[in-house]
Amino acid sequence: QVQLVESGGGLVQAGGSLRLSCAASGRTFSSYDMGWFRQAPGKEREFVAAMTWSGGRTYYSDSVKGRFTISRDNGKNTAYLQMNSLKPEDTAVYYCAASRPLKSSSYYSSDSEYRYWGQGTQVTVSS
């Protein structure tokens with residue numbers, strides 16, 4: 001089992017940057033694939049980015065590709081989401097999630113594949 005705690009959210013102007021962190025408990029963090037999702041008011045939760053347990057592969061939604069970067073430091077049991085060139089439409093609660101290694105690249109964008117979730121951190125981008 002793993003527990004996840006996000007931090008780093010806040011209010012930023014359009015064009016600015018934020019880095020979200022996801023701290024994981026337990027000694028098996030390095031064996032989990034990690035994902036970031038977000039949910040804006042009145043909208044469904046959507047996939048943002050994911051990374052395999054080894055860090056060898058990454059996946060991004062089209063809406064954030066080229067602006068956001070997912071990374072992880074297995075020695076620190078922490079995953080990160082670097083968000084640059086933020087837009088007002090990036091405003092949402094951001095969640096990190098963990099899964100045992102997924103068997104297909106098509107699974108990474110599906111929130112139902114992730115068993116463990118953090119409580120979320122609010123990101124607000126002003127225009």
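Residues numbered from 1 in each chain as written. Predicted model: local features only at pLDDT ≥ 70, side-chain atom pairs only at ≥ 80, totals over all residues. Heavy atoms only, no water.

Okay, the sheet that holds strand β1 (residues 4-7) next. Adjacent strands of a sheet form backbone hydrogen bonds with each other and so pair up, either parallel or antiparallel. Read across the sheet, 4 strands follow the order β1-β3-β8-β7 without closing on themselves; strand pairing throughout is antiparallel. Edge positions in the sheet fall to β1 and β7 (68-73), since each of these pairs with one other strand and no more. The sheet shows a mean angle of 15° between the axes of neighbouring strands, direction not considered. Bridge count for β1 against strand β3 (residues 18-24) is 4 bridges, and the pairing is antiparallel. Its bridge partner being in β3, Ser7 is matched across the sheet by Ser21. (Pairing = 2+ DSSP bridges. Helix = DSSP H or I, 4+ residues; strand = E, 2+ residues; numbered from the N terminus. Axes fitted to C-alpha atoms, helices over the stretch in contact; angles between N-to-C directions.)

Here the idea is simple: oppositely charged side chains can pair when their charged atoms come close. Overall, the coordinates contain 5 salt bridges when judged by the stated rule. Residue Arg38 is joined to Asp90 by a salt bridge in which the shortest nitrogen-to-oxygen separation is 2.9 Å. Taken together, the residues Arg38 in strand β4 (residues 33-39) and Asp90 in the loop between β8 (78-83) and β9 (92-99) connect sequence positions 52 residues apart. In this structure Asp90 comes out as buried when scored by relative accessible area, which is 1%. A salt bridge links Arg67 to Asp90, with the nearest nitrogen and oxygen atoms 2.8 Å apart. Here Arg67, found in the loop between β6 (58-60) and β7, pairs with Asp90, found in the loop between β8 and β9; they are 23 residues apart in sequence, far enough to count as distant. Among the residues examined, Arg67 registers a relative accessible area of 10% and is labelled buried. Here the salt bridges share partners, and the residues they tie into one network are Arg38, Glu46, Arg67 and Asp90. (Salt bridge = Lys/Arg side-chain N within 4 Å of Asp/Glu carboxyl O. Buried < 20%, exposed > 50% of the residue type's maximum accessible area, 1.4 Å probe, protein only.)

Attention now goes to the side chain of Ser99. Residue position: Ser99 is located in strand β9. A distance of 3.1 Å separates the side chain of Ser99 from the backbone oxygen of Glu113, its partner in a polar contact. (Polar contact = N/O pair within 3.5 Å; in protein donor to acceptor, adjacent residues only side chain to side chain.)

The next point concerns the nonpolar core. As a rule of thumb, soluble globular proteins bury nonpolar side chains together. Ranked by size, the top nonpolar core spans 29 residues in total, and within it Leu4, Leu81, Met83 and Tyr94 carry the most contacts. Mapped by element, the contributors of at least two residues to this core are β3, β4, β5 (46-51), β7, β8, β9 and β11 (121-126). Filtering out sequence-adjacent residues up to four positions away, Tyr94 remains in contact with Glu6, Leu20, Phe37, Arg38, Val48, Phe68, Leu81, Met83, Gly120, Thr121 and Val123. Listed in part, the 8 residues of the second largest apolar core include Phe37, Phe47, Tyr59 and Ala97. (Core = buried A, V, L, I, M, F, W, Y, C linked by side-chain atoms within 4.5 Å. Contact = heavy atoms within 4.5 Å.)

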